[in-house]
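Below are the chains, spelled out letter by letter.
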Amino acid sequence: MSHITDLTLAEIRDGLKAKSFTSAETTKAYLDSIEKARGLNAYVLETPDRALAMAAKADARLAKGEAGPLEGVPLGIKDLFATEGVRTTACSHIIDNFVPTYESTVTSQLWRDGAVMLGKINNDEFAMGSSNETSAFGPVVSPWLPPNWSAEQGKEKLAAARAAGTAPNGFLVPGGSSGGSAAAVAARLCPGATGTDTGGSIRQPAAFTGIAGIKPTYGRCSRWGIVAFASSLDQAGPFAQTVRDCAIMLKSMAGHDPKDTTSMDLAVPDYEAAIGKSVKGKVIGIPKEYRVDGMSAEIDALWQKGIDWLRDAGAEIREISLPHTKYALPAYYIVAPAECSSNLARYDGVRYGERVAGREITELYENTRAAGFGDEVKRRILIGTYVLSAGYYDAYYVRAQKIRTLIKRDFELAYADGVDAILTPATPSPAFGIGEKAGADPVEMYLNDVFTVTVNMAGLPGIAVPAGLSNEGLPLGLQLIGRAFDEETLFTIGHAIEQAAGSLGKPQNWWA
Ligand code: GLN
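Residues numbered from 1 in each chain as written. Predicted model: local features only at pLDDT ≥ 70, side-chain atom pairs only at ≥ 80, totals over all residues. Heavy atoms only, no water.

## Brief notes about the overall build of the protein chain
In terms of regular secondary structure, the protein chain is built from 16 helices and 11 strands. Each principal axis of the C-alpha distribution contributes one length, and for the protein chain these read about 65 × 55 × 50 Å. A buried classification covers 60% of the 512 residues belonging to the protein chain. By sequence separation, contacts in the protein chain at least 24 residues apart represent 77% of the contacts at least 6 residues apart. As displayed, the protein chain has an accessible area near 18800 Å², and 52% of this comes from carbon and sulfur atoms. Side-chain charges of the protein chain comprise 50 positive and 59 negative groups, with the mean position of each set lying 3 Å from the other. (Helix = DSSP H or I, 4+ residues; strand = E, 2+ residues; numbered from the N terminus. Buried < 20%, exposed > 50% of the residue type's maximum accessible area, 1.4 Å probe, protein only. Contact = heavy atoms within 4.5 Å. Areas by Shrake-Rupley, 256 points an atom, 1.4 Å probe, with all protein chains shown as cover. Lys, Arg positive; Asp, Glu negative; His and termini not counted. Charge placed at Lys NZ, Arg CZ, Asp CG, Glu CD.)

See the structure below:
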């Protein structure tokens, strides 16, 4: 048998049921890998005692034949999900001592189904970012080395940066905001991890690290107990090595929750049953507006390959138009900061977390928020407050909302015309270097989300599937966008792409 941590989530699930190994063995194998990979900074809190206790209970249920769908399967949890009795920080200083007295609905459903928590995972502060560099715990290092670096060089440079306490500049970012989740799955530090996606935070890091990730339809998963960024855009979703694994995890994560009035009261299908179905006759839309200026030849070529694979599998390829695409990014960077400024008003030094005293209450607020939030979060709060202020509200916020409606309508018209899913690249480039885009111009970073934000603005499901390697050998992903609440079609077509693309391989274990 290959090493347990090389298996997919489905293989682990099946191996546990078949009693080929125990949850305790599996959990220990991952805890051991996590310890050796501390240099990657993927986990911000390891919870080994809890993990082993959960694994022991899972093993007892497996022995009695009372296994849940994820019985004994270890997972990593993005630190945006509240976990009862376990520190939850959103990777911000302002709540870095917060220990919730409640469990998020999504994670409680994972535990209900038998999963085991390995620990809490790094992310951009309050999920704002595309590179995991805004985390108060420091950046996550991608397990994929920059082109032409040997394993030996990677190991030495990381050890040197860690010893000197300097930023691991030059290493690759895993993407963001769920960068730790993506890195952890890609480095085999868990077979699956939770993420959240407000503008691309599941799909972009999945693409950068050569794994699969799905943002379900808005309303598919409960947002209850997830630290809020932009409430009308935020959705939880899974990361895993394969599309099948994502289908298995989403089944447990999804479902109606009376505690979140935006979660839909719809039955959750058996997503795994969608894997392996034929794509024959499916209509795949190719939106011409996604052929953006300056798109690199390799991304274009990857997209074309995806089109060819699906055509060869019997799908009908149809060029479509989503004419308001070019307004999506600017509109997103008004709507998301507006909601962020409102949501983050609660971190005032009175009710939660860090408090920095002042002579009077306003000064206490100011001192607390100045010390507690990082630069990117402050930038978002300032933009959001500005676009919501009297005098600018109509000019910015209301216009952005109107654009949002038009973007949504573009998709509705395409689907009304018989399109089953839309195929696009997941990102405009492969992963970039730590420090490379975190400089003076934040728009550089925002451009990463050009293919993903439309999906959140329209509330639709989107999946990123590993589809190839760049000329320099870095992972690239394709994105499929589906009809509302039709994640099944994305799993079917995503699996077909994954099969056609074949394995991208995995990063060498240079960090251990
Ligand atoms: N990168 C985008 C942003 O910074 C999206 C983040 C996310 O989806 N949470 O807002």
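The structure having been displayed, the exposition proceeds.
## Let's talk about the pairing of strand E5 (residues 212-215)
Here E5 shows a buried face lined by Ala212 and Ile214 and a second buried face lined by Gly213 and Lys215. Examined bridge by bridge, E5 and strand E6 (residues 235-240) share two bridges and lie antiparallel to one another. Within E6, the position partnered with Ala212 by the bridge is Ala240. As judged from the three bridges shared by E5 and strand E10 (residues 462-469), these two strands associate in the antiparallel manner. Paired with Gly213 across the two strands is Ala464, which belongs to E10. (Pairing = 2+ DSSP bridges.)

## Points about the nonpolar core
Of all hydrophobic cores here, the largest spans 152 residues; its most connected members are Phe126, Phe411, Leu423 and Phe491. It is helix H10 (residues 328-343) that provides the largest number of residues to this core, a total of 10 residues. (Core = buried A, V, L, I, M, F, W, Y, C linked by side-chain atoms within 4.5 Å.)

## Digging into the pattern of salt bridges
In the structure shown here, the tally under the stated rule is 21 salt bridges. In this structure, the salt-bridge partner of Lys408 is Glu412, at a minimum N-O distance of 3.6 Å. In this pair, Lys408 and Glu412 both sit in helix H13 (residues 393-416), four residues apart, roughly one turn of the helix. In the salt-bridge network here, residues are joined through shared partners; they are Arg13, Asp14, Arg244 and Glu272. (Salt bridge = Lys/Arg side-chain N within 4 Å of Asp/Glu carboxyl O.)

## A short note on the environment of Pro238
Mapped onto the elements of the fold, Pro238 is located in strand E6. For Pro238 and Met253, which are 15 residues apart along the polypeptide, the C-alpha to C-alpha distance reads 8.2 Å. Beyond its immediate stretch of four places on either side in the chain, Pro238 contacts Ala193, Ile202, Ala212, Gly213, Ile214, Cys246, Met249, Leu250 and Met253.

## A short note on H10
An α-helical turn contains 3.6 residues, so a residue and the one three or four places further along point in the same direction. The terminal C-alpha atoms of H10, which comprises 16 residues, lie 22 Å apart, in line with the 22 Å expected from a rise of 1.5 Å per residue. The buried fraction of H10 amounts to 14 of the 16 residues, a majority that puts the element mostly inside the structure. (Expected span 1.5 Å × (residues − 1).)

## Observations regarding the environment of Arg244
One can find Arg244 in helix H8 (residues 243-253). Given the relative accessible area of 32%, Arg244 is considered partly exposed. As a C-alpha pair, Arg244 and Leu9 span 235 residues in sequence and 8.6 Å in three-dimensional space. When residues no more than four places from it in sequence are discounted, the contact partners of Arg244 are Ala10, Glu272 and Ile275.

## Observations concerning a nonpolar patch on the surface
A surface patch of nonpolar side chains, about 250 Å² in accessible area, is lined by Val350, Ile361 and Tyr365. Residue position: Tyr365 is located in helix H11 (residues 361-372). Residue class for Tyr365 comes out partly exposed when judged on its relative accessible area of 33%. (Patch = residues over 30% accessible without salt bridge, like charges linked within 9 Å, V, L, I, M, F, W, Y side chains within 5 Å.)

## Describing the packing of helix H1 (residues 9-17) against H8
Following both chains from N to C, one finds H1 and H8 inclined at 65°, their axes separated by 8 Å at the closest point. Of the residues in H8, those touching H1 at Leu9, Ala10 and Arg13 are Arg244, Asp245, Ile248 and Met249. Broken down by class, the residue content of the contact of H1 with H8 amounts to four nonpolar, no polar and three charged. (Axes fitted to C-alpha atoms, helices over the stretch in contact; angles between N-to-C directions. Nonpolar A, V, L, I, M, F, W, Y, C, P; charged D, E, K, R; others polar.)

## What about the pairing of strand E11 (residues 475-482)?
With eight of its eight residues buried, E11 lies for the most part within the structure. Burial of the side chains of E11 extends over both faces: Pro475, Gly477, Gln479 and Ile481 are buried on one face and Leu476, Leu478, Leu480 and Gly482 on the other. Relative to E11, strand E9 (residues 421-425) is paired through five bridges, and the arrangement is antiparallel. Along E11, the bridge assignment pairs Leu423 with Leu480.

## Notes on the site of the ligand
Taken together, 15 residues are adjacent to the ligand, and Thr198, Gly199, Ser201, Tyr332 and Arg380 come closest. Protein burial of the ligand: of its 290 Å² of free accessible surface, 100% is covered by the chains. Partitioned by chemical class, the residues of the shell around the ligand number five nonpolar, seven polar and three charged. (Near = heavy atom within 4 Å.)

## Here we look at the side chain of Asn122
Relative to the elements of secondary structure, Asn122 occurs in the loop between strand E3 (116-121) and helix H5 (151-164). At 3.0 Å, the side chain of Asn122 forms a polar contact with the backbone oxygen of Asn41. (Polar contact = N/O pair within 3.5 Å; in protein donor to acceptor, adjacent residues only side chain to side chain.)

## Description of helix H3 (residues 48-63)
Taking 1.5 Å as the rise per residue, H3 with 16 residues should run 22 Å; its terminal C-alpha atoms sit 22 Å apart, in good agreement. Here H3 has its buried residues at Ala51, Ala55, Ala58, Asp59 and Leu62. Each buried residue of H3 lies within a common arc of 105° when the element is viewed along its axis, so the set occupies one face. Of the exposed residues in H3, those oriented more than 90 degrees away from the buried face are Asp49 and Lys57. Buried residues in H3 make contact with H1, helix H2 (23-36) and E3. Among the residues trailing H3, Gly65 stands out with phi positive, at a value near 70°. (Arc of directions from axis to C-beta.)

## Brief notes about the state of the cysteines
As enumerated under the stated definition, the model contains zero disulfides in all. Between Cys190, a cysteine without a disulfide, and Cys246, which holds the nearest cysteine sulfur, the sulfur-to-sulfur distance is 12 Å. Relative accessible area serves as the criterion here: at 0%, Cys246 is assigned to the buried category. (Disulfide = S-S within 2.5 Å.)

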